[in-house]
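These are the residues of each chain, in order.
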Amino acid sequence: MSFHTAWQSPSNIALVKYWGKTHPQLPTNPSLSMTLDACRTETSVEIIPGGGKLQVWVDGVDTPSFVPKVAAFFKAIAERHPWTAHFDWRIQTHNTFPHSSGIASSASGMSALALCVVSLAREFQERIPAKDDLREASVLARLGSGSASRSVYGGWVVWGRTPSVPGSNQEWAHPYPDAIDPVFSDFRDTVLLVDVGQKAVSSTVGHGLMNGHPFAEARFATAHDNLAAFQPILSSGDVGSFLALAEREALMLHGLMMASNPPFVLMKPETLAILEKIQNARRDGLEVGFTLDAGANVHVLYPARAEQTVREFVTTSLSTHCKDGACIHDRVGTGPQQLTKPKLLL
Ligand code: DP6
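Nothing here was measured: the structure is a model prediction, and the numbers come from that model. (Residues numbered from 1 in each chain as written. Predicted model: local features only at pLDDT ≥ 70, side-chain atom pairs only at ≥ 80, totals over all residues. Heavy atoms only, no water.)

**Notes on the packing of aromatic side chains**
Basically, it comes down to this: Any pair of Phe, Tyr and Trp rings, taking the six-membered ring for Trp, is counted once the centres come within 6.5 Å. Such a pair is stacked with planes under 30 degrees apart, edge-to-face with planes over 60 apart, and tilted for the rest. Exposure categories follow from relative accessible area, calculated using a 1.4 Å probe and restricted to protein chains: below 20% of the type maximum is buried, above 50% is exposed, and the middle band is partly exposed. Starting at the N terminus, helices and strands are each numbered in turn, a helix being any DSSP run of H or I of at least four residues and a strand any DSSP run of E of at least two.
Applying the stated rule across the entire model yields 14 aromatic pairs. A ring pair is formed by F73 and F74, whose centres lie 5.3 Å apart and whose planes are at 75°; its orientation type is edge-to-face. With a relative accessible area of 10%, F74 lands in the buried category. Judged by centre distance (5.0 Å) and plane angle (70°), the ring pair of F187 and F242 falls under edge-to-face. In this pair, F187 sits in the loop between α4 (182-185) and β10 (188-192) while F242 sits in helix α7 (residues 239-258), placing the two residues 55 residues apart along the sequence. An identical accessibility class is assigned to F187 and F242; each is buried.

Encoded structure:
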């Protein structure tokens, strides 16, 4: 007797960055993100009564190296979902984006797994601790990876308590509640793959750098301010102010890393070349800007109405700075989808 379910869940890109956390994976400042569309993880789970054994297949290949991360996830959710320890788990997972792309797969991967767990819990009529299933999935995804809490919802998502967003919460993310101008509902993000190697600093180490960071208090206050500053920008459709604020946030993240102890410079010369070209292009009237993750890749941000010109700009001017010219065209997406409702397999 076994039970099966499957979900696909997208990655997301933060405009106000989560950087710094306390136990149990609670953010030291609020974050705001847009959920992506093309960059997704598809995860299928089969469970049989047992003692909590884990097996993970990545792209159809048994991959024991993934087990510790998944085991850490189950350990973190054990208190909320003790039933999970009474099954053996066979997890098959596949990313729509290349593994070595440098795109964080933890947000899409952990949210897809969390959604599978909640669907199965619902099937067994287990008590769901949170008010609704998506909220519960967001809590569980957060325990796996903080940014994954936001991938449970489509569109614009906020995570972390902040005075400008009533109801905002440390434990789970939720859809951004204020008005969003249509220009931002289908905003574009082309990811330029500058560095496709192993991350130079893991996110756990990175967040830890904010403990005792000389600029920590100023950073946390700025994150609250920036999140509040996005509110009139998002509701009015002010693309110019949006891009300028997104860039300030991204550069602040990297400034924090450069001022950490030990310091990290995660931008590459190619990253800087791209940033300069983007800022020059905007000065020349193109509606284009950037944000960055904790790495060298660049997320090129632009509205749908500028798609043709920005894509040309990417092809003729930016892709030369990418590894093998590689980029991924993405956009704001509608959030996760259940692929298979929980099923009893005999
Ligand atoms: C720079 O969510 O990957 O992308 O909670 O340790 O798994 P863990 O960290 P993670 O950190 C993401 C950091 C960021 C900013 C963001 O996505 O908000």
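Having seen it, we continue.
**A closer look at unusual backbone geometry**
The omega torsion of the bond from H23 to P24 falls at -10°, within 30 degrees of zero and hence cis. Looking at where P24 falls in the secondary structure, it is placed in the loop between β2 (21-22) and β3 (26-27). A cis amide bond links N261 to the next residue, P262, at an omega of 0°. One non-glycine residue, Q25, lies in the positive phi region at around 55°. Relative to the helices and strands, Q25 is located in the loop between β2 and β3. You will see that Q125, though not glycine, has its phi angle at about 55°, which is positive. Topologically, Q125 is positioned in the loop between α2 (106-123) and α3 (133-144).

**Notes on the state of the cysteines**
The condition that has to hold: The definition used for a disulfide is geometric: two cysteine sulfur atoms within 2.5 Å.
Tallying each qualifying case throughout the model produces 0 disulfides. No disulfide involves C39; its sulfur sits 11 Å from the nearest other cysteine sulfur, which is in C327. Residue C116 stays outside any disulfide, its sulfur separated by 19 Å from that of C39, the closest cysteine. Relative accessible area serves as the criterion here: at 0%, C116 is assigned to the buried category.

**Focus: the domain arrangement of the chain**
Our working rule: Here the limits of each domain have been adopted from an automatic or database domain assignment. Accessible area, probed at 1.4 Å, shrinks when two parts are joined; the buried area is that loss added up over both. By definition here, a salt bridge exists when the distance from a side-chain nitrogen of Lys or Arg to a carboxyl oxygen of Asp or Glu is within 4 Å. Pairs of N or O atoms within 3.5 Å make up the polar contacts considered here, provided that, within protein, one atom can donate a hydrogen while the other can accept it, and that residues adjacent in sequence are counted only when both atoms are side-chain atoms. Here the term charged refers only to Asp, Glu, Lys and Arg, the term nonpolar to Ala, Val, Leu, Ile, Met, Phe, Trp, Tyr, Cys and Pro, and the term polar to all other amino acids, Gly among them.
One can read the domain layout of the chain as domain 1 (3-179) and domain 2 (183-331). Here domain 1 packs against domain 2, burying approximately 3200 Å² in sum over the two surfaces, 68% of which is carbon and sulfur. Per-residue buried area on domain 1 facing domain 2 is highest for L15, K17 and W19; these three make up 25% of the total on that side. Applying the counting rule to domain 1 against domain 2 returns 0 salt bridges. Put simply, domain 1 and domain 2 have 11 residue pairs in polar contact (both at pLDDT 80 or more) between them. Among the secondary structure elements, those contributing two or more residues to the side of domain 1 that touches domain 2 are β1 (2-16), β4 (31-49) and β8 (156-159). Ranked by residues supplied to the side of domain 1 that touches domain 2, first place goes to β4 with 8 residues. Of the residues contributing to the side of domain 1 that touches domain 2, the split by class is 21 nonpolar, 10 polar and 5 charged.

**Side note on the site of the ligand**
What counts is decided by this rule: For each residue, the test is whether any non-hydrogen atom lies within 4 Å of the molecule or strand; if one does, the residue is near. Using a 1.4 Å probe, the Shrake-Rupley method yields the accessible areas, and only the shown protein chains count as cover for residues.
Near the ligand lie 17 residues; those nearest to it are Y18, K21, S145, G146 and S147. Between the ligand and Y18, the relevant distance is 2.6 Å, taken from an oxygen atom to a side-chain nitrogen or oxygen of the residue. Residue G146 places a main-chain N or O atom 2.7 Å away from an oxygen atom belonging to the ligand. Taken by itself the ligand offers 460 Å² of open surface, and the protein chains cover 94% of this. Here the shell around the ligand takes 3 residues from helix α5 (residues 203-208), the largest share from any one element. Residues belonging to the shell around the ligand are distributed by class as follows: 5 nonpolar, 8 polar and 4 charged.

**Some words on the pairing of strand β12 (residues 298-302)**
For clarity, the cut-off: DSSP calls a pair of strands paired once it identifies at least 2 bridges connecting them.
Counting buried positions along β12 yields 5 of 5 residues, so the element is predominantly enclosed. Side chains V298, V300 and Y302 project from β12 onto one buried face, and the interleaved H299 and L301 project onto a second face that is buried too. Both β10 and β12 contribute to a ladder of 5 bridges, which runs antiparallel. Within the sheet, the bridge partner assigned to L192 lies in β12 and is V298. In this sheet, β12 lies alongside strand β11 (residues 289-292) in antiparallel orientation, the contact comprising 4 bridges. Note that in β12 the partner of L292 across the bridge is V298. The antiparallel pairing of β11 with β12 creates a hairpin that spans 5 residues between the two strands.

**Let's talk about the sheet that holds β12**
For clarity, the cut-off: Every axis corresponds to a line fitted to the C-alpha atoms, with the helix fit spanning only the stretch in contact, and the corresponding angles, defined between N-to-C directions, vary from 0 to 180 degrees. Contact between two residues is taken to exist if any of their heavy atoms lie within 4.5 Å; hydrogens are not considered.
In spatial order, the strands read β11-β12-β10-β13; together these 4 strands make up an open sheet with antiparallel pairing. Edge positions in the sheet fall to β11 and β13 (327-331), since each has one partner strand and no second. Pairwise comparison of adjacent strand axes, ignoring direction, gives a mean angle of 25° for this sheet. Sheet strands in contact with α7 are β11 and β12, and its direction is about 30° off that of β11.

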